[in-house]
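Breakdown of the fold
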Amino acid sequence: MKYLIIGGGIIGTAHAYEALKSGHQVIQLERDDVARSASVRNFGLVWVSGRKSGAELQTAVRARQLWDEIHQAIPELLFRPNGSLTLAINEEEVAVMEECLRKEDASLRQWQILDRDETQRINPALRGNYLASLWCPLDATVEPGLVLHSMREYLLRNDDYIWRNNLDVVEVRSDGSKAVVIARNGEIFEGDIAIVCPGADHTSLFKEQLDTAPIRRVRLQMMSTAPLDEALTTSIADGDSMRYYPGYEVPTLQNLPPQPKVASDNHMQLLMVQRADGTLTIGDTHEYAEPFEFKLNEDPYTYLHEVASNLLGKKLPPIIHRWDGVYSQVTDGGICDRRVIAQNIISVTGPGGRGNTLAPAIAEETIKGLS
Ligand SMILES: Cc1cc2nc3c(=O)[nH]c(=O)nc-3n(C[C@H](O)[C@H](O)[C@H](O)COP(=O)(O)OP(=O)(O)OC[C@H]3O[C@@H](n4cnc5c(N)ncnc54)[C@H](O)[C@@H]3O)c2cc1C
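Predicted model only: the values in this text are computed from it and were never measured.

1. Digging into the nonpolar core
Grouped together as the largest cluster of nonpolar side chains are 65 residues, with contacts concentrated most on Tyr 3, Ile 10, Val 26, Trp 67, Leu 77, Met 151 and Ile 195. The biggest single contributor to this core is helix H1 (residues 10-21), with seven residues. No fewer than three residues from each of domain 1 (1-79 + 138-214 + 333-371) and domain 2 (124-129 + 215-330) sit in this core. Among all residues touching Ile 10, those that are not within four sequence positions of it are Ser 39, Trp 67, Val 147, Leu 148, Met 151, Gly 355, Asn 356 and Ala 359. One finds Met 268, Ala 308, Leu 311 and Leu 316 within the second-largest nonpolar core, a separate group that totals 25 residues.

2. Describing empty space enclosed by the protein
Overall, the coordinates contain one cavity of 30 Å³ or more when judged by the stated rule. Empty space within the largest cavity amounts to approximately 50 Å³. For the lining of the largest cavity, the secondary-structure elements that each account for two or more residues are H1, helix H3 (55-73) and helix H12 (355-370). The element that contributes the greatest number of residues to the lining of the largest cavity is H1, accounting for four residues. Taken together, the residues of the lining of the largest cavity sort by class into seven nonpolar, no polar and three charged.

3. What about the domain arrangement of the protein chain?
Assigned domains within the protein chain: domain 1 (1-79 + 138-214 + 333-371) and domain 2 (124-129 + 215-330). Spacing between the C-alpha centres of domain 1 and domain 2 amounts to 26 Å. Each side of the interface is counted separately: domain 1 has 33 residues, and domain 2 has 27 residues. When domain 1 packs against domain 2, close to 2300 Å² is buried across both sides, 63% of that on carbon and sulfur atoms. The largest per-residue losses of area from domain 1 upon contact with domain 2 belong to Arg 41, Phe 43 and Trp 47, which jointly make up 30% of the total buried on that side. Viewed at the interface, domain 2 and domain 1 are joined by two salt bridges. For the salt bridge of Arg 275 with Glu 143, the shortest nitrogen-to-oxygen distance reads 3.2 Å. Our count for the contact surface shared by domain 1 and domain 2 stands at 14 residue pairs in polar contact (both at pLDDT 80 or more).

4. Focus: the site of the ligand
Close to the ligand lie 38 residues, the nearest being Glu 30, Ser 39, Leu 45, Gly 352 and Thr 357. One nitrogen or oxygen atom from the side chain of Glu 30 is found 2.7 Å from an oxygen atom belonging to the ligand. Ala 38 is positioned such that a nitrogen or oxygen atom in its backbone is 3.4 Å from an oxygen atom of the ligand. Calculation on the ligand without its partners gives an accessible area of 1000 Å², and the protein chains cover 97% of this total. Elements that contribute at least two residues to the shell around the ligand include exactly H1, helix H2 (38-41), strand E13 (215-225), strand E17 (319-330) and H12. When the residues that make up the shell around the ligand are grouped by side-chain class, the tally is 17 nonpolar, 14 polar and seven charged. Counting residues domain by domain, the shell around the ligand receives three or more from each of domain 1 (1-79 + 138-214 + 333-371) and domain 2 (124-129 + 215-330).

Conventions used here
Residues numbered from 1 in each chain as written. Predicted model: local features only at pLDDT ≥ 70, side-chain atom pairs only at ≥ 80, totals over all residues. Heavy atoms only, no water. Core = buried A, V, L, I, M, F, W, Y, C linked by side-chain atoms within 4.5 Å. Buried < 20%, exposed > 50% of the residue type's maximum accessible area, 1.4 Å probe, protein only. Helix = DSSP H or I, 4+ residues; strand = E, 2+ residues; numbered from the N terminus. Domains from an automatic or database assignment. Contact = heavy atoms within 4.5 Å. 1 Å grid on protein atoms, 1.4 Å probe; cavity = no way out; pocket = protein on both sides within 12 Å on 5 of 7 lines; lining within 4 Å. Points joined across faces, edges and corners; volume = space filled by probe spheres on them. Nonpolar A, V, L, I, M, F, W, Y, C, P; charged D, E, K, R; others polar. Buried area = accessible area lost by both parts, 1.4 Å probe. Salt bridge = Lys/Arg side-chain N within 4 Å of Asp/Glu carboxyl O. Polar contact = N/O pair within 3.5 Å; in protein donor to acceptor, adjacent residues only side chain to side chain. Near = heavy atom within 4 Å. Areas by Shrake-Rupley, 256 points an atom, 1.4 Å probe, with all protein chains shown as cover.

Spelled out as structure tokens, the structure:
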């Protein structure tokens with residue numbers, strides 16, 4: 001079969017990868033020169049630990065296996081099975097972790113609680129103020145600046161793959177047994193199936209359907225620092241992350257002390273990952289109400305810099321970059337919004353803050369469903 005895939009982000013690219021792996025032909029179309037949206041603005045986390053029990057966790061575990069496979073084929077994307085440590089700074093956060101460990105699926109997540117010494121053995125850079133940590137060796141990272149490029153270079157070695165950038169798709173329609181895609185410059189592409197992976201662009205294609213879909217857009221603020229002078233051997237989260245990830249929904253969560261005002265106002269948690277060049281990617285905030293603020297707000301940066309410095313026990317290197325990003329998120333508890341638009345047109349978006357994690361498994365399910 002011939003697939004037309006619209007969107008060069010991680011969801012579109014994972015679909016291209018999976019379709020080619022299954023022996024199909026693929027033309028992938030991207031509006032920009034290279035994708036510059038959520039898929040390159042993220043932490044690069046492959047984050048299994050906090051996933052909701054049930055289908056979401058199963059999908060994350062499957063995606064983690066697929067990332068391993070992709071890494072074997074494409075080492076250039078720098079997949080690192082570095083694990084994550086979620087650090088507790090008070091007894092209430094430790095109590096949540098202890099209750100989480102009693103969940104039925106705790107072993108599937110490979111969670112362990114570590115004391116300070118054990119935590120430091122895994123990540124010697126953590127010399128600051130915390131009591132214990134929740135270790136998830138399943139969590140991993142990729143380099144957001146390399147993933148799409150290296151996957152595309154790999155796909156381009158296959159004669160059945162065509163990459164077309166700088167092509168804004170303005171119409172996708174079903175023409176009998178054919179899917180027809182029309183670009184703004186008038187070029188027309190025909191295939192058997194069109195898969196539209198538009199990310200947070202809910203308006204350019206199939207606006208009516210996406211307007212009523214259970215999806216919303218979320219804006220995040222992020223930063224990166226100058227290189228840290230030592231290795232941060234794992235990804236790091238603070239206890240606030242347990243308020244946002246559904247994997248930690250246990251009764252003792254209610255006993256957590258209130259967040260500082262800047263953190264609650266901006267729906268914040270700390271996530272921190274060291275990039276291959278030694279810099280630290282740090283975030284994040286969550287803004288839900290549109291229209292989004294166009295200005296970057298400085299208070300969250302100051303706050304996160306301090307939280308991260310406290311965990312490391314030394315002042316973090318200076319911030320060198322600040323940016324924001326927007327993702328599309330399902331609001332009905334599903335894994336993504338996979339929508340049949342017409343007999344041979346499917347739209348896939350809404351993976352939320354776990355799109356990088358889940359993309360390979362989401363794509364696998366789409367392609368299997370079409371074969
Ligand atoms: C700041 C931030 C941090 C995040 N951190 C993580 C993380 O660490 N781990 C994780 O799992 N997830 C994370 N996420 C979520 C993850 O990045 C997203 O879920 C994922 O990147 C979405 O991928 P996508 O391909 O759907 O969208 P996008 O990356 O937005 O790509 C969509 C692409 O489609 C193109 N496009 C749209 N319409 C058209 C059209 N009509 N014609 C041609 N091209 C079109 C766009 O130009 C764009 O390049 C984060 C997101 C953000 C914003």
